[in-house]
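One letter stands for each residue in the lines below.
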Amino acid sequence: MDKSLYSKVKIEDAEEITMRIIEDASSQADSLLESAKKERSRILEEANQEAESKKKEILKKSDVEIEKMKQKIFSTLNLEKKKLFLEEKGRFMESILEKVRAMAMEFRKGPGYKEFLEKAILEGIKVVAEKEVEVLYSALDEKIIKDISVANARFKKSDFKDIGIIVQSNDSRLIFDNTFSARFKRMHEDIYMDLLKGVF
């Protein structure tokens, strides 16, 4: 075979092989590029989904925290409002009760006070339930007490200033405090609740 022909064939073959190699390489490069683009798109999509998911999770947690804070604030405000309301009611009730105490002290000067003392003494004697009792009275009531006579009762001046009396057994084992303060203390809750119902 002629060398030039052989060389020509070889060159043509080489060109064809080169073309094929280039085409194959180009095809592979295109395929790799396409595959890389798809992979990139998939990774970006997953990253976007994960970011969106985290964003939603963070927003959800934020919403929960905001709701908790709102509830806490409302709860605190409601408690503060109730506290202020109760304090105001308490001040109002105390002012009424103070007036009642003042009126009770004025009662000492009134015409029905002697009768009140007699009833308080008899009530005390009944509660103590002893044959003989001692009746303690305020020095402020000495004039009125001198006009009261009760069987089996010995009267003794005491140092309290309150209206009313204290009845006790002779050995001081049994004591019934029937002063205004003691009676008021025993009835305070009922009076307080009645006032609350009537006013509020």
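Asks: What should I look at first to understand a nonpolar patch on the surface in this one?
Replies: On the surface, a cluster of nonpolar side chains totalling about 430 Å² of accessible area is made up of Met69, Ile73, Phe74 and Leu77. Along the chain, isoleucine 73 turns up in helix 1 (residues 3-107). With a relative accessible area of 46%, isoleucine 73 lands in the partly exposed category.

Asks: I'm lost on the confidence of the model for the chain in this one. Help?
Replies: Any residue range with low pLDDT should be treated as having predicted coordinates unsuitable for detailed reading. A residue-level look at the chain finds 90% of positions with pLDDT of 70 or above and a mean pLDDT of 82. No element of the chain has a lower mean pLDDT than helix 4 (residues 180-199), which averages 74, and none a higher one than strand 1 (residues 133-138), which averages 94.

Asks: Just checking my understanding: could you explain the nonpolar core for this structure?
Replies: Within soluble globular proteins, side chains that are nonpolar generally end up buried alongside one another. Counting residues in each nonpolar core, the largest one holds 21 residues, and the members touching the most others are Leu117, Val135 and Ile165. Once residues lying within four places of it in the same chain are set aside, the contact partners of leucine 117 are Asp141, Ile144, Ile145, Ile148, Gly164 and Ile165.

Asks: Quick question: what am I supposed to make of the sheet that holds strand 4 (residues 175-179) here?
Replies: Within a beta sheet, neighbouring strands are joined by backbone hydrogen bonds and run either parallel or antiparallel to one another. Strand order in this open sheet of 4 strands is 2-1-3-4, and the pairing throughout is mixed. Looking at which strands have only one partner, the edges of the open sheet turn out to be strand 2 (153-158) and strand 4. The average angle at which neighbouring strand axes cross in this sheet is 20°, direction not considered. With 5 bridges joining them, strand 1 and strand 3 (residues 164-169) adopt antiparallel strand pairing. Considered in strand 3, the bridge of tyrosine 137 is made with isoleucine 165.

Here is what the cut-offs are and how they apply
Residues numbered from 1 in each chain as written. Predicted model: local features only at pLDDT ≥ 70, side-chain atom pairs only at ≥ 80, totals over all residues. Heavy atoms only, no water. Patch = residues over 30% accessible without salt bridge, like charges linked within 9 Å, V, L, I, M, F, W, Y side chains within 5 Å. Areas by Shrake-Rupley, 256 points an atom, 1.4 Å probe, with all protein chains shown as cover. Salt bridge = Lys/Arg side-chain N within 4 Å of Asp/Glu carboxyl O. Helix = DSSP H or I, 4+ residues; strand = E, 2+ residues; numbered from the N terminus. Buried < 20%, exposed > 50% of the residue type's maximum accessible area, 1.4 Å probe, protein only. pLDDT = per-residue confidence, 0-100. Core = buried A, V, L, I, M, F, W, Y, C linked by side-chain atoms within 4.5 Å. Contact = heavy atoms within 4.5 Å. Pairing = 2+ DSSP bridges. Axes fitted to C-alpha atoms, helices over the stretch in contact; angles between N-to-C directions.

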